[in-house]
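Topology and contacts: notes
Each chain, letter by letter, is given below.
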Amino acid sequence: VQGILVARWLGPELYGVAALVMSVPSIVYTFFDARSAEASVKFLSEFDAKGERERALAMCKAGYAVDFVIAGMALLVVLLLAPWAAKSVVKRPETGWLIILYGSAFLPRALTGTSYAVLATLGRFPTIALINMLTNALRVGLVLGLVGLGWQVAGVVWGNAIAMTVMGLLYGASAYGLAKSQWGRSWLFADWARLKGRRKEILAFLAFNDLNALLGMIPKQLDVVILGYFRNPIEVGYYKLAKSIVGVVGYVVGPLQSVVYPEFARLCGVGDANALWQKVRKLALQVGLPLGLVVISSSPLLPFILPALTGQAYRPAVPAAQLLLIGSAIWLGFFWLRPVYFAQGRFRVWTQISTVIVLLSIVVFFTVTPQWGYLGLSFWVMLMNGLGHAIGLWIISRSKE
């Protein structure tokens, strides 16, 4: 709703400028991000299932430490990069301070990753849902209110930055009390030595997860920046709107993966492979496949829905939205695939798959995008989404034989 209204009020060009301003800090943060939440969920699920409280607390401390170091490094780079990015990528030098503002919000956001892992591991999904609903309501209210008051691009950035800050604080406060009650004391006083014997495995997970995040950044975030660099903010506006509309699918994929990943990790931790594959098969056939087909079948409706919601100025965004929707339907259909790889600790294999997809994406970003713009980019993103999941399914099918 926010994306539709803001796009309508700002128009394609300013909407594209806002997207570029927030994309630059996001890319910098993702470059450093180890995505410790996924490592924390895997090991916290195992430690909790085995009753290893001290190890669980030490894992929390390690996760928070990694996240804050990453956020600090990212902010430093944003401070150095902002003047160039404002001039060469956004093509509006006066937006440099907005880039720094948005990048600063990643510091309090650093509380989110490990805090989410604690809540998910201990099955507190209602708490996660409540925090997400509150912060999203705050984000929508701030962004729409500030844009409505005439703040334009600055309103979008301020609204998102404030909401991101509040989210981090809410997650941190909720997880702190829960971890203390579940595992006996505060993680602040946990002993690093409790992770002895597992440190190498944890560090390897973090290292490969960091590489995975970096690889995932290219098709998911760098696309907007590259499009802005080679083309113009108007095409970025079309493409960003298409991604925002299609991004609704992510509101389904995210919760599904949030629920199944801790359970997969728990089953792998206790060595129950039969129960794992029974659950995977059930989820694939009864959840993933039907939802994916529903999303694909909605693609023909976009030429009627999108212009009615955002105005005729965004009609050129329809083909891009249809292409991206097909790619998202594939992602939804195979939502269970990535959690299986990570629960099994096969992050190296997933990284290899991501590397292949990213290398192919880079070729197109610098060849097709300058000539074919947002439509060529949308087609290739869809194609790579399908190819990545096909390779992942083929490899995991062979490993079961």
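Residues numbered from 1 in each chain as written. Predicted model: local features only at pLDDT ≥ 70, side-chain atom pairs only at ≥ 80, totals over all residues. Heavy atoms only, no water.

**Thoughts on the overall build of the protein**
Along the protein, the regular secondary structure elements total 17 helices and zero strands. Each principal axis of the C-alpha distribution contributes one length, and for the protein these read about 60 × 45 × 35 Å. For the protein, with 401 residues in total, the buried portion stands at 52%. Here the protein displays about 17,400 Å² of accessible surface, and carbon together with sulfur accounts for 68% of that area. (Helix = DSSP H or I, 4+ residues; strand = E, 2+ residues; numbered from the N terminus. Buried < 20%, exposed > 50% of the residue type's maximum accessible area, 1.4 Å probe, protein only. Areas by Shrake-Rupley, 256 points an atom, 1.4 Å probe, with all protein chains shown as cover.)

**Here we look at the environment of G168**
By the secondary structure assignment, G168 is in helix α8 (residues 153-183). Residues contacting G168, with those up to four places away along its chain left out, are P108, R109, L111 and T112. (Contact = heavy atoms within 4.5 Å.)

**Overview of unusual backbone geometry**
Of note in the backbone geometry, K91 takes a positive phi value of approximately 65° without being a glycine. Turning to its location among the elements, K91 is positioned in the loop between α3 (53-88) and α4 (96-104).

**A closer look at the pattern of salt bridges**
Pairing between side chains becomes possible if they bear opposite charge and their charged atoms approach one another. Per the counting criterion, the structure on display carries seven salt bridges. The salt bridge involving E46 is made with R198; its shortest N-O contact spans 2.8 Å. Separated by 152 residues along the polypeptide, E46 in helix α2 (residues 36-49) and R198 in the loop between α8 and α9 (199-230) bring together distant segments of the chain. Both residues of the pair, E46 and R198, count as buried. Of the charged contacts in the structure, one is a salt bridge between R231 and E235, with a shortest N-O distance of 2.8 Å. On the accessibility criterion, R231 (27% relative accessible area) is partly exposed. Overlapping salt bridges, with partners in common, bring together E46, K50 and R198 in one network. (Salt bridge = Lys/Arg side-chain N within 4 Å of Asp/Glu carboxyl O.)

**As for the nonpolar core**
Formed by 125 residues in total, the largest nonpolar core has its most connected members in I99, V118 and W183. Broken down by element, this core gets its largest block of residues, 16 residues, from helix α1 (residues 2-32). The residues contacting W183, other than those within four sequence positions of it, are L44, D48, R53, A56, L57, C60, V118 and L122. (Core = buried A, V, L, I, M, F, W, Y, C linked by side-chain atoms within 4.5 Å.)

**Observations regarding the packing of α1 against helix α10 (residues 233-246)**
Two elements in contact, α1 and α10, have axes whose closest approach is 7 Å; the angle formed by their N-to-C orientations is 125°. Classified by the interaxial angle, the pair formed by α1 and α10 is oblique. Between α1 and α10 the crossing geometry is right-handed. Taking contact as the criterion, the partners of G3, I4, A7, P12, E13, Y15, G16, V17, A19 and L20 in α1 are, on α10, P233, I234, V236, G237, Y238, K240, L241, S244 and I245. Across the contact of α1 with α10, the residue classes tally to 13 nonpolar, four polar and two charged. (Axes fitted to C-alpha atoms, helices over the stretch in contact; angles between N-to-C directions. Parallel < 35°, antiparallel > 145°, perpendicular 65-115°, else oblique. Left-handed = near helix turned anticlockwise from the far one by under 90°. Nonpolar A, V, L, I, M, F, W, Y, C, P; charged D, E, K, R; others polar.)

**So, α4**
For α4, every residue scored as buried is listed here: G96, L98, I99, L101, Y102 and G103. Considering only its buried residues, α4 is in contact with α1, α3, α5 (106-109) and α8.

**A few points about α10**
Taking 1.5 Å per residue as the helical rise, α10 with its 14 residues ought to reach 20 Å, and the 20 Å between its terminal C-alpha atoms agrees with that figure. Within α10, the full set of buried residues consists of P233, E235, V236, G237, Y238, Y239, L241, A242 and V246. (Expected span 1.5 Å × (residues − 1).)

**Examining the environment of L302**
By the secondary structure assignment, L302 is in helix α13 (residues 302-310). Through-space distance from the C-alpha of L302 to that of G141 is 26 Å; in sequence the pair is 161 residues apart. The residues contacting L302, other than those within four sequence positions of it, are I245, P307, V318, A321, Q322 and L325.

**Section: the packing of α2 against helix α11 (residues 250-269)**
Where α2 meets α11, the axes come as close as 8 Å, and the angle between the chain directions of the two elements is 50°. When the interaxial angle is binned, α2 and α11 end up oblique. Here α2 and α11 pass one another in a crossing that is right-handed. Contact residues: E38, V41, K42, S45, E46, D48 and A49 in α2; Y261, P262, A265, R266 and G269 in α11. Of the residues assigned to the contact of α2 with α11, the class counts are five nonpolar, two polar and five charged.

**Structural notes on the environment of V24**
Its place among the elements puts V24 in helix α1. For the pair V24 and T310, spaced 286 residues apart in the sequence, the C-alpha separation amounts to 25 Å. When neighbours within four sequence positions are excluded, V24 is seen to be in contact with L81, A85, V89 and I99.

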